[in-house]
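Listed below, chain by chain, are the residues.
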Amino acid sequence: MFRCFFLNRQWWVWSWLGATTILSATYYQVHLDVKINEWFGGFYDTIQQALAEPGAVESTDLLLHMLTFGKIAAIFVVVAILLDFFVRHYVFRWRSAMHHYYMESWDKVRHIEGAAQRVQEDTMRFAQLVQGLGTFLLRSVLTLIAFQPLLWELSKQVKEVPLLGEVDHILIYVAIISAIFGTVLMALVGIKLPGLEFNNQRTEAALRKELVFGEDDAKRARPESISSLFHSVRYNYVTMYRHYLYFDLVKHSYLQLSTLMPYIIMVPTIVSGAITLGVLQQILRAFNKVEGALHYLVFSWASIVELISVYKRLSAFEDKMIELNRQEVLSSYAS
């Protein structure tokens, strides 16, 4: 899954140079995000001044602020479009490397259960999932690196918090504790999901295989056999949906409550008028960025579950392929 792309000289340009390009573009996106966060401070301070002192702010001042945002946003959009375009090609090249690697041994592995699905579907899903989760992880790490020092400085203006009194840099600690709690909570609640997803794909593969045989053989894919196979599919889906029900309940409840956390922490600061509207917006946005970056596993758990399932299937397929190749080599020596 990895060697055929990253350790194959044929794909070095795409695998390593492509990964470097994605890293650089993602870093630049985070840099633009920091610029936008700075813009929020000045823009909302200007709005606060305009509302508090009628006539103190000219219309052109607000329009110039918006023009500045428009310039940054335009660059962000262009980078995002080009990055998405490049990433799609990157994913397909990774899938191509896996496809060619498996097809080299196709004559020996085509009799393995679900071989066609492994080569056609799972290679596509694996490349997409690894790329998506990898890019999200990269962006989360870079966002944390960029916004953590910013939140550290901004949180100096939050002098007092409910119940605890004065705590230096409290927003950083709240974001970290909240993210750790959410990650552990999601891991515990969703612990059964990888196994359920794996079983679900096995039943789907059995149904698909029987239907494919039925295309060429009238004796296959008869109503009674299809009914039994589909019953297994339905049972697995219903079981998985039931587990996702409580998982989604916990996940969305936690995320909704976590959005209130910075407001709760800053209640004394807000009511005392110790910060301006612009600084409040900067703090809230920086807090959300830091907490969101730390919430990587919370936001990605469903994709991680699917990736684990795909990886287990491809890993088992590769093990059988390696074993068949080894047997062939031993047979050639024996002869």
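Computed from a prediction, not measured in an experiment: that's the story for all the values here. Once a new chain begins, its residue numbering starts again from 1 and follows that chain's sequence as written. For a predicted model such as this one, the threshold for reporting local features is a pLDDT of at least 70, and the threshold for listing and counting side-chain atom pairs is 80 or more; totals across whole chains, interfaces and linings nevertheless cover every residue. Hydrogens and water are ignored here; the side-chain numbers use all heavy atoms of the structure.

Time to look at the overall build of the chain. Helix numbering and strand numbering both begin at the N terminus, where a helix is a DSSP run of H or I of at least 4 residues and a strand a DSSP run of E of at least 2. Broken down by element type, the chain carries 11 helices and 0 strands. Element order for the chain, N to C, with α for helix and β for strand: α-α-α-α-α-α-α-α-α-α-α. The atom set for the radius of gyration is the C-alpha atoms, and the globule formula is 2.2 Å times the number of residues raised to the power 0.38. Scaling as 2.2 N^0.38, a compact globule of 335 residues should have a C-alpha radius of gyration of about 20 Å, whereas the chain reaches 27 Å, well beyond that. Each residue gets one of three labels from its accessible area relative to the maximum for its type: buried under 20%, exposed over 50%, partly exposed in between, using a 1.4 Å probe on protein chains only. For the chain, the proportion of its 335 residues judged to be buried stands at 40%. Surface exposure of the chain reaches about 19,100 Å², of which carbon and sulfur atoms provide 64%. Counting rule for charge: Lys and Arg are taken as positive, Asp and Glu as negative, and neither His nor the chain ends is counted. The atom standing in for a charge is NZ when the residue is Lys, CZ when it is Arg, CG when it is Asp and CD when it is Glu. The average position of the 30 basic charges and that of the 30 acidic charges among the side chains of the chain differ by 8 Å. The accessible surface values rely on the Shrake-Rupley method and a 1.4 Å probe; as for residues, cover is taken only from the protein chains in view.

For the rest of this paragraph, the subject is the UniProt feature "transmembrane region" (unreviewed entry) in the chain. UniProt positions are given in the numbering used here, feature names are shortened, and annotations may be inferred rather than shown by experiment. Using the residue numbers shown here, the UniProt feature "transmembrane region" (unreviewed entry) corresponds to residues 12–30, 62–87, 126–150, 170–191, 260–281 and 293–311. Span residues 12–30 is 100% helix and 0% strand, its end C-alpha atoms 27 Å apart. Span residues 260–281 is 73% helix and 0% strand, its end C-alpha atoms 14 Å apart.

The patches described consist of residues with a relative accessible area above 30% and no salt bridge, like charges being joined within 9 Å and nonpolar side chains (Val, Leu, Ile, Met, Phe, Trp, Tyr) within 5 Å. What makes a salt bridge here is a side-chain nitrogen of Lys or Arg within 4 Å of a carboxyl oxygen of Asp or Glu, nothing more. A grouping of Leu-260, Tyr-263, Ile-264, Val-267, Ile-270 and Val-271 is seen on the molecular surface, where their side chains present a nonpolar patch of about 550 Å² in accessible area. Of all the elements in the fold, those that place two or more residues in the nonpolar patch are helix 8 (223–265) and helix 9 (267–271). Residue placement: Ile-264 occurs in helix 8. We classify Ile-264 as partly exposed; its relative accessible area is 44%.

Looking at the secondary structure, you find Ile-191 in the loop between helix 6 (170–189) and helix 7 (193–216). C-alpha of Ile-191 to C-alpha of Thr-20: the two residues are 171 residues apart in sequence and 34 Å apart in space.

Let us now look at the packing of aromatic side chains. Both the distance between ring centres and the angle between the ring planes are used here to describe each pair of aromatic rings. The aromatic pairing rule takes the rings of Phe, Tyr and Trp, using the six-membered ring of Trp, and pairs them if the centres are within 6.5 Å, calling planes under 30 degrees apart stacked, those over 60 edge-to-face and the rest tilted. Inspection of every chain in the model, using the stated rule, returns 17 aromatic pairs. With a centroid separation of 6.3 Å and 45° between ring planes, the pair formed by Phe-5 and Trp-11 is classed as tilted. Ring geometry for Phe-136 against Tyr-296: centres 5.2 Å apart, planes inclined by 50°, an arrangement best described as tilted. Separated by 160 residues along the polypeptide, Phe-136 in helix 5 (residues 115–154) and Tyr-296 in helix 11 (residues 296–334) bring together distant segments of the chain. Phe-136 gets classed as partly exposed once you look at its relative accessible area, which sits at 29%. The buried category is assigned to Tyr-296, whose relative accessible area is 13%. Aromatic ring contacts, followed pair by pair, group Phe-5, Phe-6, Trp-11, Trp-16, Tyr-90, Trp-94 and Phe-126 into a single cluster.

The subject of this paragraph is helix 5. Its 40 residues give helix 5 an end-to-end C-alpha distance of 55 Å, which sits within 8% of 58 Å, the value for a rise of 1.5 Å per residue. The angle separating two fitted axes, one through the seven residues that finish at a residue and one through the seven that start at it, defines the bend at that residue. In the structure, helix 5 departs most strongly from a straight axis at Asp-122, where the bend amounts to approximately 40°. For a helix, the expected span equals 1.5 Å multiplied by the number of residues minus one.

Residues belong to one nonpolar core when they are buried, are Ala, Val, Leu, Ile, Met, Phe, Trp, Tyr or Cys, and are joined through side-chain atoms within 4.5 Å. Judged by nonpolar contacts, the single largest core of 42 residues is most densely connected at Trp-94, Met-98, Tyr-102 and Phe-126. Considering every element that reaches this core, the biggest residue donor is helix 11, with 10 residues. If we skip the residues at most four places from it in the chain, Tyr-102 touches Met-1, Val-119, Thr-123, Leu-314, Phe-317, Glu-318 and Met-321. Grouped together as the second largest cluster of nonpolar side chains are 21 residues, Phe-147, Val-158, Val-161 and Ile-283 included. In this analysis, two residues are considered to be in contact whenever any of their non-hydrogen atoms come within 4.5 Å of each other.

Another aspect to go through is the packing of helix 6 against helix 8. An axis is simply a line fitted to the C-alpha atoms; with a helix, the fit covers only the stretch in contact. Between two such axes, the angle follows the N-to-C directions and lies from 0 to 180 degrees. Relative to each other, helix 6 and helix 8 sit at 175°, their axes nearing to 11 Å. Here helix 6 lies roughly antiparallel to helix 8, going by the angle between them. Contact with helix 6, carried on its side by Ile-170, Leu-171, Val-174, Ser-178, Ala-179, Phe-181, Gly-182, Leu-185, Met-186 and Val-189, involves Tyr-246, Phe-247, Val-250, Lys-251, Tyr-254, Ser-258, Met-261 and Ile-265 of helix 8 and no other residues of that element. Here the term charged refers only to Asp, Glu, Lys and Arg, the term nonpolar to Ala, Val, Leu, Ile, Met, Phe, Trp, Tyr, Cys and Pro, and the term polar to all other amino acids, Gly among them. In terms of residue class, the contact of helix 6 with helix 8 is built from 14 nonpolar, 3 polar and 1 charged. Each angle receives one of four descriptions, namely roughly parallel if under 35 degrees, roughly antiparallel if over 145, roughly perpendicular if within 65 to 115, and oblique otherwise.

To characterise two packed helices, one gives the angle between the axes of the helices and the distance between these axes. With their axes 9 Å apart at the nearest point, helix 2 (residues 12–52) and helix 3 (residues 59–103) run at an angle of 160° to one another. The angle between the axes of helix 2 and helix 3 places the two elements in the roughly antiparallel class. As helix 2 runs across helix 3, the sense of the crossing is left-handed. By convention, the crossing between two helices is left-handed when the near helix turns anticlockwise from the far helix through less than a right angle, and right-handed when the turn is clockwise.

Let us look at the environment of Met-321. Within the secondary structure, Met-321 sits in helix 11. Met-321 sits in the buried class, given a relative accessible area of 1%. Considered as a pair, Met-321 and Asp-248 are 73 residues apart in the sequence and their alpha carbons are 38 Å apart.

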